[in-house]
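What follows is the residue order along each chain.
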Amino acid sequence: MRLKLSFKCYVCALLFIFSGGVLAESSVNGLNVPAIKTETPYGKVREIMLEHGWRPYHGANALPCAPEDERCKGRPEMQVCSDVGLGQCSWLWKKNGKIVVIKTQDDDLFYGVTRYYGR
C-alpha cells in the first residue's frame, strides 16, 4: 500500500510541475488551435484536433499508461494522467512544428490548452 501511495504522490508532483512550470501558461494565439468548449469529453476533443490537422505527439518524458487506466489506452499523445484528486491528464498535439497541451480533468473533460515547451 505504501508503494502505491508513493507512486500517486509522484504523479501528483509531476502534474504540478508540468502544469505550472514546464508547461507555463501562454497565449495560444497563432497556433490555430480549434475552439473547444470547456467540459467537452476528450474523445470529442480528439476528433476535433484530428479534423483540424493536429496529430498526436508522444513526448520524450511521457509517463507510461497504467495497465488499468482506460483513459490513455490507444492514445499515444498522453503525457501524464493522475488517478488522484481531479484526475487531471495532459495530452500532446503537434501541427506545423508547434506542440500544444490539451488539459482534461474530472472524467476526461476538457478545461484548457497551453503551448508545450518540452521535447
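Below or above, wherever it landed, is the structure these notes cover. (Residues numbered from 1 in each chain as written. Predicted model: local features only at pLDDT ≥ 70, side-chain atom pairs only at ≥ 80, totals over all residues. Heavy atoms only, no water.)

**Structural notes on the packing of aromatic side chains**
Phase 1 of the analysis: In the structure shown here, the tally under the stated rule is 1 aromatic pair.
Phase 2 of the analysis: Judged by centre distance (4.2 Å) and plane angle (15 degrees), the ring pair of tyrosine 42 and tryptophan 91 falls under stacked. Here the residue tyrosine 42 occupies a position in helix α2 (residues 42-51), and tryptophan 91 occupies one in strand β3 (residues 89-95), the gap between them amounting to 49 residues. Taken as a pair, tyrosine 42 and tryptophan 91 share a single burial class, namely buried.
Phase 3 of the analysis: A cation sits over an aromatic face here: arginine 75 above tryptophan 91, 5.7 Å from the ring centre. (Phe/Tyr/Trp six-rings, centres within 6.5 Å; stacked < 30°, edge-to-face > 60°. Helix = DSSP H or I, 4+ residues; strand = E, 2+ residues; numbered from the N terminus. Buried < 20%, exposed > 50% of the residue type's maximum accessible area, 1.4 Å probe, protein only. Lys NZ or Arg CZ within 6 Å of the ring centre and 35° of its normal.)

**Things to note about the state of the cysteines**
Phase 1 of the analysis: Counting across every chain of the model gives 2 disulfides.
Phase 2 of the analysis: Covalently, cysteine 65 is tied to cysteine 72 through a disulfide, its sulfur atoms 2.0 Å apart. Taking the sign of the S-S torsion, about 80 degrees here, the bridge from cysteine 65 to cysteine 72 comes out right-handed.
Phase 3 of the analysis: In this structure cysteine 72 comes out as buried when scored by relative accessible area, which is 5%.
Phase 4 of the analysis: Shown here is the disulfide that connects cysteine 81 with cysteine 89, its sulfur atoms set 2.0 Å apart. In this structure the cystine formed by cysteine 81 and cysteine 89 twists about its S-S bond by roughly 120 degrees; its chirality is therefore right-handed. Each member of the pair, cysteine 81 together with cysteine 89, is buried.
Phase 5 of the analysis: Indicated for the protein is the disulfide connectivity 1-2, 3-4, based on numbering the bonded cysteines in sequence order. (Disulfide = S-S within 2.5 Å.)

**Looking at unusual backbone geometry**
Phase 1 of the analysis: Even without a glycine there, the phi angle at glutamate 39 is positive, about 70 degrees.
Phase 2 of the analysis: Within the secondary structure, glutamate 39 sits in the loop between α1 (2-22) and α2.

**Quick notes on the side chain of arginine 46**
Phase 1 of the analysis: Secondary-structure assignment places arginine 46 in helix α2.
Phase 2 of the analysis: Taking the relative accessible area as the measure of exposure, arginine 46 reaches 18% and is therefore buried.
Phase 3 of the analysis: For arginine 46, the residues in contact, after removing those within four places along its chain, are Pro56, Gly74, Arg75, Pro76, Glu77 and Trp93. (Contact = heavy atoms within 4.5 Å.)

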